[in-house]
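Listed below are the residues making up each chain.
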Amino acid sequence: MEDKNIQVADLGCGDTSLIRLLKVYPCIELLVGVDIDEDKLRWRGDKLSPFMGDFLKPRDLDLTITLYHGSAVERDSRLLGFDLITCIELIEHLDSGDLARFPEVVFGYLSPAMVVISTPNSEFNPLFPIVTLRDSDHKFEWNRMEFQTWSLYVAKCYNYSVEFTGVGEPPAGAESVGFCTQIGIFRKNGGRATESCVSEQHHHHVYKAVFTTSYPSLKQERFLRLVLVNEVSQQVESLRVRYLRRLKEQEDRESGNEPKDTGCSDTHIPCFGPVFTEDEKARIEKSPKPFCVGDKFFVPLQRLLAYPKLNRLCAEEEMMRSVIADSVDLSVDGSAVVVDLHYYSDYVFDF
Amino acid sequence: MSGRARVRARGLARSPRAAEVGRPQASPSPPSVDLSDNEASSSSDFVGTKRTLQKDEDGISSGDVRSNFMERGVKIGRNFMDLGICTREKLAHVKDCKTGSSGIPVKLVTNLFNLDLPQNWQLYQYHVTYSPDLESRRLRTALLYSHSEISNKAKAFDGAILFLSRKLEEKVTELSSETHRGETVKMTLTLTSEVLSSSPVCIQVFNIIFKKILKKLSMYQIGRNYYNPSEPVEIPQHKLSLWPGFAISISQFESRLLFSANVSYKVLRNETVLEFMTDLYHKTGVSCFTETCEKQLMGLIVLTRYNNKTYRIDDIDWSVRPTHTFKKRDGTEITYVDYYEQQYNITLSDLNQPLLVSLLKSKRNDNTEARIAHLIPELCFLTGLTSQATSDFQLMKAVADETRISPLGQQQRLARLADSIQRNKDAHFELENWGLHFGGQMSLTGRVVPSEKIFLQDHVCQPVSAADWSKDIRTCKILSVQPLNKWLVFCSNRTENGTESFVNCLKRVGSSMGFNVSYPKIIKVQENPAAFFRAVQQHVDPDVQLVMCILPSDQNYYNSIKKYLSCDCPVPSQCILARTLNKQGMMMSIATRVAMQMACKLEGELWAVEIPLKSLMVVGIDVCKDAFRKEVVVVGFVASVNPRITRWFSRCIIQKATTDIADCLKVFMTARCSAKTAVQRRMQGSHFLTSPGLGLSSSVTESSSNTSSRLSVIVVRRKCVPRFFTEMSRTMENPPLGTVVDSQATRSEWYDFYLISQAASRGTVNPTYYNVIYDDNGLKPDHMQRLTFKMCHLYYNWMGLISIPAPCLYAHKLTFLVAQSIHKEPSLELANSLFYL
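If you're wondering where the values come from, they're calculated on a predicted model, not measured in any experiment. (Residues numbered from 1 in each chain as written. Chains lettered and ligands numbered in written order. Predicted model: local features only at pLDDT ≥ 70, side-chain atom pairs only at ≥ 80, totals over all residues. Heavy atoms only, no water.)

If you tally the helices and strands in chain A, you get eleven helices and eleven strands. Per-residue burial over chain A gives 48% buried out of 351 residues. Surface accessibility of chain A: about 17800 Å² in total, with carbon and sulfur atoms responsible for 53%. (Helix = DSSP H or I, 4+ residues; strand = E, 2+ residues; numbered from the N terminus. Buried < 20%, exposed > 50% of the residue type's maximum accessible area, 1.4 Å probe, protein only. Areas by Shrake-Rupley, 256 points an atom, 1.4 Å probe, with all protein chains shown as cover.)

Across its full length, chain B carries 24 helices and 37 strands. When burial is assessed residue by residue, chain B has 60% of its 837 residues classed as buried. The long-range fraction of contacts in chain B, counting pairs at least 24 apart against all pairs at least 6 apart in sequence, stands at 71%. Here chain B has roughly 34000 Å² of accessible surface; of this, 49% comes from carbon and sulfur atoms. (Contact = heavy atoms within 4.5 Å.)

The subject of this paragraph is the interface of chain B and chain A. Tallying the contact residues gives 57 residues for chain B and 46 residues for chain A. The tally of links from chain B across to chain A stands at one salt bridge. The closest approach of N and O atoms between B:Glu275 and A:Lys309, which form a salt bridge, is 2.7 Å. Here chain B is connected to chain A by six residue pairs in polar contact (both at pLDDT 80 or more). Of all the secondary-structure elements, those providing two or more residues to the side of chain B that touches chain A are α6 (137-145), β8 (220-222), β12 (257-272), α9 (273-284), α10 (289-297) and α13 (393-403) of chain B. Looking at the side of chain B that touches chain A, its residues break down into 23 nonpolar, 20 polar and 14 charged. (Salt bridge = Lys/Arg side-chain N within 4 Å of Asp/Glu carboxyl O. Polar contact = N/O pair within 3.5 Å; in protein donor to acceptor, adjacent residues only side chain to side chain. Nonpolar A, V, L, I, M, F, W, Y, C, P; charged D, E, K, R; others polar.)

This paragraph deals with the environment of A:Gln182. Residue and element names in this part refer to chain A. Mapped onto the secondary structure, Gln-182 falls in strand β7 (residues 181-188). Given a relative accessible area of 4%, Gln-182 falls into the buried group. Each C-alpha atom of the pair Gln-182 and Ser-122 lies 9.5 Å from the other, and the pair is 60 residues apart in sequence. When neighbours within four sequence positions are excluded, Gln-182 is seen to be in contact with Ile-117, Ser-118, Thr-119, Pro-120, Asn-121, Trp-142, Asn-143, Arg-144, Phe-147, Thr-165 and Gly-166.

Turning next to the environment of A:Ala9. Residue and element names in this part refer to chain A. Checked against the element boundaries, Ala-9 lands in strand β1 (residues 6-11). Under the relative-accessibility criterion, Ala-9 is labelled buried at 0%. Distance from Ala-9 to Leu-80, taken between C-alpha atoms, is 9.9 Å for residues 71 residues apart in sequence.

So, on to the sheet that holds strand β10 (residues 296-300) of chain A. Backbone hydrogen bonds are what pair the strands of a sheet, in a parallel or an antiparallel way. Residues and elements named next belong to chain A. Spatially, three strands are ordered β9-β10-β11 in an open sheet, and the strand pairing comes out antiparallel. Of all strands in the sheet, those bounded by a partner on one side alone are β9 (291-293) and β11 (336-340). The sheet shows a mean angle of 30 degrees between the axes of neighbouring strands, taken without regard to direction. Pairing of β10 with β11 involves five bridges; the strand directions are antiparallel. Looking at β11, one finds that Val-299 is bridged to Val-337. (Pairing = 2+ DSSP bridges. Axes fitted to C-alpha atoms, helices over the stretch in contact; angles between N-to-C directions.)

A word on helix α20 (residues 587-601) of chain B. Turn by turn, an α-helix covers 3.6 residues, leaving residues three or four places apart pointing in a common direction. Residues and elements named next belong to chain B. Look at α20: 21 Å from first C-alpha to last across 15 residues, which is about the 21 Å you get at 1.5 Å a residue. Buried residues dominate α20, accounting for twelve of its 15 residues. Along α20, the residues classified as buried are Met-587, Ile-590, Ala-591, Arg-593, Val-594, Ala-595, Met-596, Gln-597, Met-598, Ala-599, Cys-600 and Lys-601. Positive phi appears at Glu-603, one or two residues downstream of α20, with a value of about 65 degrees. (Expected span 1.5 Å × (residues − 1).)

A few words on the environment of A:Ser136. All names here are of chain A. Within the fold, Ser-136 resides in the loop between β5 (114-120) and α5 (144-157). Ser-136 sits in the exposed class, given a relative accessible area of 74%. Separated by 156 residues in sequence, Ser-136 and Cys-292 place their C-alpha atoms 76 Å apart.

What follows covers the packing of aromatic side chains. On inspection of all chains with the given rule, the structure shows 43 aromatic pairs over all chains. Among the aromatic residues, those joined into a ring-pair cluster are A:Phe102, A:Phe140, A:Trp142, A:Phe147, A:Trp150 and A:Phe164. Here the guanidinium or amino end of A:Lys23 rests over the ring plane of A:Phe51, the centre of that ring lying 4.0 Å away. If you follow B:Arg747 out to its NZ or CZ, it ends over the ring of B:Phe253, 5.5 Å from the centre. (Phe/Tyr/Trp six-rings, centres within 6.5 Å; stacked < 30°, edge-to-face > 60°. Lys NZ or Arg CZ within 6 Å of the ring centre and 35° of its normal.)

Turning to the pairing of β10(A), a few remarks are in order. Residue and element names in this part refer to chain A. Across the five residues that make up β10, a large majority, four, are buried. Bridge count between β9 and β10: three bridges; the pairing is antiparallel. In the sheet register, Phe-291 faces β10, and the bridge partner there is Phe-298. Where β9 folds back on β10, the antiparallel hairpin that results is connected by two residues, among which Gly-294 adopts a positive phi of roughly 65 degrees.

Our next topic: unusual backbone geometry. All names here are of chain B. Ser-131 connects to Pro-132 through a cis peptide bond whose omega is 0 degrees. Here Ser-218, not a glycine, exhibits a phi torsion of approximately 60 degrees, which is positive. The class for Ser-218 is partly exposed, based on a relative accessible area of 48%. Located in the positive-phi region is Lys-239, a residue other than glycine, with phi close to 55 degrees.

Let us look at a positive patch on the surface. A contiguous patch of positive charge, built from A:Lys47, B:Arg137, B:Arg138, B:Lys211, B:Lys215, B:Lys309, B:Arg329 and B:Arg371, is present on the exposed surface. Elements represented by at least two residues in the positive patch include exactly α6 and α8 (200-216) of chain B. Considering the arrangement of structural elements, one finds B:Arg329 in the loop between β16 (325-327) and β17 (333-335). A relative accessible area of 83% places B:Arg329 in the exposed class. (Patch = residues over 30% accessible without salt bridge, like charges linked within 9 Å, V, L, I, M, F, W, Y side chains within 5 Å. Lys, Arg positive; Asp, Glu negative; His and termini not counted. Charge placed at Lys NZ, Arg CZ, Asp CG, Glu CD.)

Residues and elements named next belong to chain B. Trp-487, Phe-490, Phe-502, Phe-515, Met-548, Trp-607 and Tyr-810 are the most contacted members of the largest nonpolar core, which totals 113 residues. If one sorts the elements of this core by residue count, helix α24 (residues 806-822) sits on top with eleven residues. Counting 52 residues, the second largest nonpolar core, distinct from the first, contains Phe-210, Leu-240, Phe-246 and Leu-395. (Core = buried A, V, L, I, M, F, W, Y, C linked by side-chain atoms within 4.5 Å.)

Moving on, we get to the packing of helix α7 (residues 221-254) of chain A against α9(B). Relative orientation of the contacting elements α7(A) and α9(B) amounts to 20 degrees, with a least axis distance of 9 Å. The angle between α7(A) and α9(B) places the two elements in the roughly parallel class. Judged by the sense of rotation from one axis to the other, the crossing of α7(A) with α9(B) is left-handed. Counting all contacts with α7(A), which are made through A:Glu231, A:Gln234, A:Glu237, A:Ser238, A:Val241, A:Arg242 and A:Arg245, the residues of α9(B) involved are B:Glu275, B:Asp279, B:His282, B:Lys283 and B:Thr284. (Parallel < 35°, antiparallel > 145°, perpendicular 65-115°, else oblique. Left-handed = near helix turned anticlockwise from the far one by under 90°.)

Another aspect to go through is the sheet that holds strand β25 (residues 521-525) of chain B. Residue and element names in this part refer to chain B. Taken in spatial order, the four strands make up an open sheet running β25-β24-β26-β27, and their pairing is parallel. Taken across any chain shown, the strands that pair with only one partner, and hence form the sheet edges, are β25 and β27 (573-577). With strand direction ignored, the average angle separating the axes of adjacent strands in the sheet is 20 degrees. When strand β24 (residues 487-492) meets strand β26 (residues 546-551), the two strands line up parallel, connected through five bridges. Note on β26: the bridge partner recorded for Val-489 is Met-548.

What follows deals with the pattern of salt bridges. All names here are of chain B. Overall, the coordinates contain 39 salt bridges over all chains when judged by the stated rule. The closest approach of N and O atoms between Glu-452 and Lys-790, which form a salt bridge, is 2.9 Å. Residue Glu-452 is found in the loop between β21 (437-448) and β22 (454-455), and its partner Lys-790 is found in helix α23 (residues 781-791); the two are separated by 338 residues along the sequence. Taking relative accessible area as the criterion, Lys-790 reaches 5% and is therefore assigned buried. Overlapping salt bridges bring together Lys-239, Arg-269, Glu-271 and Asp-279 as one network.

This part is about the confidence of the model for chain B. All names here are of chain B. Summary statistics for chain B give a mean pLDDT of 79 and a share of 83% for residues scoring 70 or more. Per-element confidence in chain B ranges from a low mean pLDDT of 30 for helix α3 (residues 43-55) to a high of 94 for strand β35 (residues 739-741). Low pLDDT, under 50, characterises residues 1-81; the predicted model gives this stretch 184 contacts beyond four residues in sequence or across chains. Throughout residues 674-686 the model reports pLDDT below 50, and contacts reaching past four residues in sequence, or to other chains, amount to 25 contacts. Across the whole predicted complex the pTM is 0.79, and at the interface the ipTM reaches 0.82. (pLDDT = per-residue confidence, 0-100.)

Below, the structure is given as structure tokens:
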């Protein structure tokens, strides 16, 4: 999943546990869950809302999560052109009619770049104490041969390639039965759906949206501003404190006092602060230094841009200036952030 | 020591009561800014109320239900504990009518909304048992809700008790479900009771319903309040975010169920604990880093990035690193780094950070060992303010600027909240399902009681504004004070000039107010705490009337000097920060305030109001936790000693937090009575004004019966739910000073009223809530209200009205000084002066 802006749909999402696992991945932009149990979706929906922490440390990319009430064998154009569609323990719940229609909808109509289908491996069943179907709603449970035959046929029909794997290793001595659950990973030959094919058939809405939520992200200007202004303030404060400490040490040395406690001599206490690579260090060293005029402390924007954390948010001076201008004080020419060198609460730390 | 007092009051803003009562002279506190998580705070109050509850058994119809609820770990706030205690029915004179009638009627808008229920509405309470028994509450809920006869209904379920708005067909219902593992679980639902809408249990369920509704409005619960993180107010220069939100509650007022909402802000720091530590590390250097860090962080509430949970920092484990392993629930070992990587796809950047330790509250009230959670600083956001931040004047001002909301702003937000509750589909569905209807905003009529005249030595003044009459009495002489002949001033060499001119200024303002101040002996001292303290020890003898210290800065000076002069060598003392004297153009007003404080410390009387009752004694009682020894509380007692209510007897006792506070009242009363004999001959009526939840009624009655006097006990509460506004030419204003509300927003089972006795130049005024829990003086409600209002005029540290009756604030000041600085009972020789101002 190195790509960005990934769109994933989980058909038969049930209690949405897969969606909850997937939402932590930064590359995913759209997560859709579809299930025929509307109550469950409604009840579970709240759990997918952003955490409070997501507002304090927003994601890089937008993320929208939508839950639809609908069936995997109905066509809905809103699921067209996805990067991945997962059908975890779904097909064994379909009766023969639905199972026949299923490939046509998922592979033929929705035609995502990738499909992951999992289903029980019936060869594993004798290892369970009760030898029947694993769930009363299962219409069938396939052995490996049956699943692979079906998969290869489907793949051939819709121009996908498929590979097989599984989860749940069999216990020692029973290796021959294979995984507890068998998985087919289908990849579309020729990659992602083309735009034209998507746009032709839109506005076919069958599913009912039950729940939808959007996550705060750095793509949204107010959150970018929030994070950038905070990071700038943080960095400026940290530079100011270091500047004052150096002044203090210098004073101490001049007055003949041994500078107390510098560096990290005490092994018990960890060393704090961000760790930079050699390249990053060199970059920071090369950038214009913070300076002091009177009781004002200046940090050039170019300096701030040299810190990786800030550089990641905003790479250009002009952009940084325009985003933070309303929230922090800038020097007359706008090239540096200005703060008071001394602050009311400093005395606590004996500066 | 006005500046001093303010700084100190700010320094303690984290204790909610201290924050509010500590600065009555300033405009009222911002609308309940959550400086710290409320959840942990109000435990001491709880004890008292609980005890009262047990005594008063007949008042509660469903006590067993509640205790059941508590066992399940559902929090019941103080408001619920108070319900069912009916004090009014024992007060014969207000049984039928507790409202007054004097004063000018005023139309008021409230922050209360009607919640309408169909007639005969009931809740059905079922007990649910599982066979085989299941531990997981989530699983219990999932299995129960998988049945449509339950899931279709409006319901609230805590894992054992189920509330439904509609009755199931059978008294006992059997259901069964299958778990994922194929296990069949039988559930038995037994109807245990039918609950009326006015019952406390029902109120609890309503609160649960609104919890769901606010969630639907994309609000997040932190502590007891709900916040909207998507519209934060940013204060980047202090690294703060403020999340706007509401404190809401549903309660039964006079005759109806009302929903109330107050604007509240959650303070969040825009930094992780790791960033905070890094910053601090660079500020302190290695040697005192761990100590400072622990001091600053312990007790703070953090919010974790990967879930919606909040934790209290109880400890920092410096020996554990993210690379260490811990045992998962399934018994396997994993490093913290791997765990967060696998579970949340989070890569930790700093592998040297120590871990935070949080003790998890046990869900059940059994005695199992508390579990602890290790948290990664990098993944924790700080909420609330550190003690250092609360003492930062600029920061607190920035916060106050953003959080102080005008009555109009408050009203607009309320309207928006009400609107979204009514419009949101899911919220509407939920309410309808329960049969609830969210109605309109409630208006009511209050009364503005007549303003008071201020009596001075040879002048009676009717202040232009009761909020501040300093201008009205500028040229007037105070009632009485002895001349100040022998006094000492300690100052550092540097502040000598400033001190001299200040003393001259004091003499001048003193003489104009009738307070003769002779020139003091000025003692110059080296600028360090030890030198100051030694000089005080050396020069002060019992003949000295007053000691003034011009302090260079800081607590180091203040505490030791105050302790010495309050306990070891009891002499009234006045401490002033040197930088206060540097304020240009402020000298006269500072000198005036200091002169008044000095007069009080010399047992002087500044002004009086008309007291129609003869031989009345007013007593204020307050309790404050000791700053260092948590197991100890300071109980303060301040009683008037003359009929004019201008002189006070003040005493405090330090006792174990678990001891009944009422026990020491006898000591106070006895002491006060012996002190009184010299001053006053008889005592007929007395008035107790106390902080909430002290649970003292029984012993007060006992001690008063010995002295054959009549008694009223009033509980004074600064924190209350309702807010009142007046509509003024299309905008909203705070109600006029002296506004009394004694109907509709009060409770039928109590003899209670609200009084607005302080002005808010900015922000929304908090009414003060008075609950008369005992009264055999039989005063008419009108008189009781006016007497209370009069008491708010008598605080000698502020030339104006204050939000609570003066004796309560005196008692607070006294306990605060002892709990913060002295930690010892002050000498009784000072008891007749307001030495703690």
